[in-house]
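# Structural features, examined
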Amino acid sequence: MTRMKSGAILLLLAIPFALYLAWQVQAATRPQLVGTSAPSEKGLPSKEQLTASVAQTEKWASDVQRVGTVAFQYRQPGASDATDCTDCTATTKAVAARSADLIDLETFLADRDSPTFTGTLQARYTGWLQSRKELDKASDAIETWLRNPLPNAIDGGPAATQALGAFDSLVTAYRKDSKFANSSRVTAWRMAARVKVIEALEEAGRKPYEEVLALPLPLPNGKENKVVERAVSIPAAIRDQARQLDTELRQAENERQELPEFVTKAASATLRRADEWAAKEELIGLFADPELLTDPLKAGQWLPRIQEQYNRTQSRESRDMIRKKVQQFCTAYVPKALRLDDRVLIKGNEVMRAGVTIVYDSDAKSQPLTDHPNRLNEFNFLTAFKYPDQIVWANGGKYAGVKDSANLQPTLASHVARDYSAARTAVTIWTQEAVQSLKKICEGDAAPVQQERRKHADQLVGAEPAPDLKTPEPQSAWTRDNTRLWTRLATLEAAMNKHPGLFEPQP
């Protein structure tokens, strides 16, 4: 405590003390002032009597002055302060005792290294001094904890709880003596410690979050992937600590505690960052949705929730990342190709594709007809291998030549699959115009069959594209139950119209 504050306290204490002194001086001098005998009725006092009275009065005045000097200088009386008046001597002793207590108080407030106390409260001041030394030691330990790096890595909720538990033990030692512990300092320390732990969690969470964003959609389950598990658990720990920090800040405001400005600023900045980490946590959950690609209606549910997190995100880098993941979603959500119809037309009649074989008069020999748009099919069987010869079906019981290409023709559904698969390869950036173009390809230009073509687009099965005929066909995740291409395109277009900012390129 500063000397200015000590002086102010002494001044306040001096006011009642001065009144006490005035009362004591008055009590000591009143009997003396009236002790002189009144003039006799026989006549005026003699000269000797007057001289004696004046001398006695001057002596009393000198004694009172000595008492006042001791009182108003707050000091112990010396030899020169001795008086012959019994009442003045008693008052001087009382004043000396009070002044010793005040001097002890000033000594205690001055915070000297080795103070000496002489008043009646000597034992109490000595005890208080010991308590204050212990308090200063506990305060130094807290400041050291806040200043130095954390002893262990903070990589999740349990580690954060353990670190703050160690800090709370230091605060408990500080608050052991409630007479001198400062509650505002305790609040400031707690908030500073929580900010420190949250910052450590943020540092630990950056790398796992970046690694997760590099994974394709949908993300693997967190229980099966350690990187995803850490990327989810650390933001959750930040959210928990931020909630407690917000509670502490609000409580301090309600109680009108005076906190250092740097503490409140750091807490507010940390809460803003924590809100962005909450958005990251939500995003990871959205990216890891197991129904992300299997539900044909998912775009209408998923993109609005992504928009919410996009609005909460402040940094340009994070917003760019969200738009990038939206592009990844569209690429995985919309099939890269469609398988052809499970039927073909041979001489105008529908035949099951699975039983059709093309015979080549070359090394290719006999090749089964496939339903993949980039492999052997009714669109390319004349050019896929050298010297096509016959079309065989019905378990080899029926034959047709290949000189007339009309002998093997695609159905309308296969035309939809072929047209869409060719157009889909050209889509590299997902925009409203790109989706509208794919829908237009599925419908075709002939109005009488547009509705039928839409129906076929919802019934055909998705496929993964194969680079060429000789490359093994890639394994596809698409099934007949979940493709529904037309539904996907219509749902995605409607969501794009509502959330254009997720698809607009940023300058």
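Look up a bit, the structure's there.
Bear in mind the structure is a predicted one, so any value in this text is a computation, not a measurement. (Residues numbered from 1 in each chain as written. Predicted model: local features only at pLDDT ≥ 70, side-chain atom pairs only at ≥ 80, totals over all residues. Heavy atoms only, no water.)

Our next topic: the pattern of salt bridges. Summed over all chains, the structure comprises 22 salt bridges. Across the pair R250 and D246 runs a salt bridge, and its minimum N-O distance is 2.9 Å. Here R250 pairs with D246, and both are found in helix α7 (residues 226-254), just four residues apart, close to one helical turn. Overall, D246 belongs to the partly exposed group, its relative accessible area being 25%. Between R454 and E443 there is a salt bridge whose closest N-O contact spans 2.6 Å. Linking R454 in helix α13 (residues 450-459) with E443 in helix α12 (residues 432-443), this pair joins segments that are 11 residues apart in sequence. Members of the salt-bridge network, linked through shared partners, are R316, D320 and R323. (Salt bridge = Lys/Arg side-chain N within 4 Å of Asp/Glu carboxyl O. Helix = DSSP H or I, 4+ residues; strand = E, 2+ residues; numbered from the N terminus. Buried < 20%, exposed > 50% of the residue type's maximum accessible area, 1.4 Å probe, protein only.)

Right, let's get into the sheet that holds strand β3 (residues 349-352). Taken together, three strands build an open sheet; the order of strands is β3-β2-β8 and the sheet is antiparallel. In this open sheet, the two edge strands, each paired with only one partner strand, are β3 and β8 (408-409). Of the pairings in the sheet, the one linking strand β2 (residues 343-346) to β3 comprises four bridges and is antiparallel in character. Paired with I346 across the bridge in β3 is N349. (Pairing = 2+ DSSP bridges.)

A few words now on the side chain of K196. Tracing the chain through its elements places K196 in helix α6 (residues 183-213). Not counting residues within four places of it along the chain, the set of residues in contact with K196 comprises W145, L146, N148, P149 and L150. (Contact = heavy atoms within 4.5 Å.)

With that settled, consider the environment of A181. Mapped onto the elements, A181 comes out in the loop between α5 (157-174) and α6. Residue A181 is classed as partly exposed on the basis of its relative accessible area of 23%. Each C-alpha atom, one on A181 and one on S139, is 9.5 Å from the other, the two residues being 42 residues apart in sequence. Every residue in contact with A181, bar those within four places of it in the chain, is listed here: L135, Y174 and R175.

Here helix α10 (residues 316-333) is 18 residues long and its end C-alpha atoms lie 25 Å apart, about the 26 Å a rise of 1.5 Å per residue gives. The complete set of buried residues in α10 reads S318, M321, I322, R323, K325, V326, Q327, F329, C330, A332 and Y333. Here the buried face of α10 lies against α6, α8 (261-287), α9 (298-312) and α14 (485-498). (Expected span 1.5 Å × (residues − 1).)

Here we take up unusual backbone geometry. The step from L217 to P218 runs through a cis peptide bond, and the omega angle for that step is -10°. Among the structural elements, P218 can be located in the loop between α6 and α7. The phi angle at K347 is positive, at roughly 55°, despite the residue not being glycine. Note that K347 resides in the loop between β2 and β3.

Pairing is antiparallel in the open sheet, where four strands are placed in the order β5-β4-β6-β7. The strands lining the two open edges of the sheet, one partner per strand, are β5 (366-368) and β7 (398-401). Each strand axis lies, on average, 25° off the axis of its neighbour in the sheet, ignoring direction. Sheet topology places strand β4 (residues 357-360) next to strand β6 (residues 388-393); four bridges connect them, and they run antiparallel. Bridge pairing links Y360 to P388 in β6. (Axes fitted to C-alpha atoms, helices over the stretch in contact; angles between N-to-C directions.)

Turning next to the nonpolar core. Residues F287, W302, I306, V334 and L492 are the most contacted members of the largest nonpolar core, which totals 49 residues. Per-element accounting of this core gives the leading share, seven residues, to α10. In this structure, L492 is in contact with A299, L303, C330, Y333, V334 and V435, ignoring residues within four places of it in sequence. Counting residues in each nonpolar core, the second largest holds 38 residues, with L150, I198, L249 and L271 among its members. (Core = buried A, V, L, I, M, F, W, Y, C linked by side-chain atoms within 4.5 Å.)

For the rest of this paragraph, the subject is the side chain of Q450. Relative to the helices and strands, Q450 resides in helix α13. Excluding residues that lie within four positions of it along the chain, Q450 makes contacts with K440, E443, G444 and D445.

Scanning the entire structure with this criterion turns up seven aromatic pairs. Centre to centre, the rings of F287 and W302 are 6.2 Å apart; their planes meet at 45°, and the pair counts as tilted. Of this pair, F287 sits in helix α8 while W302 sits in helix α9, placing them 15 residues apart in sequence. Feature note: the residues F287, W302, F329 and Y333 constitute an aromatic cluster, connected by ring pairs. Taking the ring centre of W277 as reference, the NZ or CZ of K280 above it sits at 4.1 Å. (Phe/Tyr/Trp six-rings, centres within 6.5 Å; stacked < 30°, edge-to-face > 60°. Lys NZ or Arg CZ within 6 Å of the ring centre and 35° of its normal.)

On to the packing of α13 against α14, then. α14 packs onto α13 with a crossing angle of 100° between their chain directions and a minimal axis gap of 5 Å. Between α13 and α14, the angle is such that the two are roughly perpendicular. Here R454, A457 and D458 of α13 come into contact with α14, specifically with L485, W486 and T487. For the contact of α13 with α14, the per-class residue count stands at three nonpolar, one polar and two charged. (Parallel < 35°, antiparallel > 145°, perpendicular 65-115°, else oblique. Nonpolar A, V, L, I, M, F, W, Y, C, P; charged D, E, K, R; others polar.)

By the bridge criterion, four bridges tie β6 to β7 in an arrangement that is antiparallel. Opposite I391, over in β7, you have A400 as the bridge partner. In this antiparallel pair of consecutive strands, β6 and β7, the connection spans four residues, and A394 shows a positive phi of 55°.

Once that is clear, we can look at the packing of α12 against α14. Closest axis-to-axis distance for the α12/α14 pair is 10 Å, and the angle between their directions is 150°. Put simply, α12 runs roughly antiparallel to α14. You can see that α12 and α14 cross each other, and the crossing is left-handed. Of the residues in α14, those touching α12 at Q432, V435, Q436, L438, K439, C442 and E443 are L485, W486, L489, A490, L492, E493, M496 and N497. (Left-handed = near helix turned anticlockwise from the far one by under 90°.)

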